[in-house]
Amino acid sequence: MKIDTDAFVDSLPIMGNGLLGIFIVTIVLIVSIYILRALTSKKAEAEAAAKASAANAEETAADPSVKKESAMDLMKEREKKDFLETDDTYTISNDL
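Treat the numbers as computed from the prediction; the structure is a model and nothing was measured.

Further remarks concern the overall build of the protein. When helices and strands are counted, the protein shows 2 helices and 0 strands. By residue count, 2% of the 96 residues in the protein fall in the buried class. Accessible surface, the protein as shown: approximately 9,100 Å² in total, 67% of it carbon and sulfur.

Below, the structure is given as structure tokens:
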């Protein structure tokens with residue numbers, strides 16, 4: 001089998017242009033994603049914060065004796081409960 005080195009060297013600029021085009025398209029996609037995230041995240045964060053504060057105010061007003069638990073505490077309790085449960089199933093958690 002003979003390899004034509006002249007043809008390979010002649011095709012390098014064509015392959016380089018193709019690779020450059022791939023990089024340009026990738027960069028354009030990444031930049032557009034960052035721009036869209038910057039434009040939409042402010043609205044979504046503001047709406048989520050407003051909903052969370054309204055829900056929190058309603059919860060506190062309804063029952064001021066409710067203990068505030070963090071997500072980590074709830075997750076630890078759930079893991080403890082799942083670990084201590086003994087049954088004949090072979091699942092790690094009942095949610096699976």
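What follows continues from the structure just given.
The grouping of Leu19, Ile22, Phe23, Ile27, Val31, Ile35, Leu36 and Leu39 at the surface amounts to a nonpolar patch, some 800 Å² of accessible area in total. You can see phenylalanine 23 is positioned in helix α1 (residues 5-62).

Reading the values: rules and limits
Along each chain, numbering runs from 1 in the same order as the chain's sequence is written. Where totals are concerned, whole chains, interfaces and linings use all residues; where local detail is concerned, this predicted model gives features only for residues with pLDDT of at least 70, and gives and counts side-chain atom pairs only at 80 or more. In computing side-chain values, all of the structure's heavy atoms are included and hydrogens and water are not. Numbering goes from the N terminus for both helices and strands, where a helix is a DSSP run of H or I of at least four residues and a strand is a run of E of at least two. Remark: exposure states derive from per-residue accessible area (1.4 Å probe, protein chains only) relative to the maximum for the residue type, with buried under 20%, exposed over 50%, and partly exposed in between. Here, Shrake-Rupley sampling with a 1.4 Å probe gives the accessible areas, and only protein chains in the shown set may cover a residue. Exposure above 30% relative accessible area and no salt bridge define the residues that can form patches, which grow by joining like charges within 9 Å and nonpolar side chains of Val, Leu, Ile, Met, Phe, Trp and Tyr within 5 Å. Any carboxyl oxygen of Asp or Glu within 4 Å of a side-chain nitrogen of Lys or Arg constitutes a salt bridge here.

The values reported here are purely geometric and, on their own, carry no functional implication.
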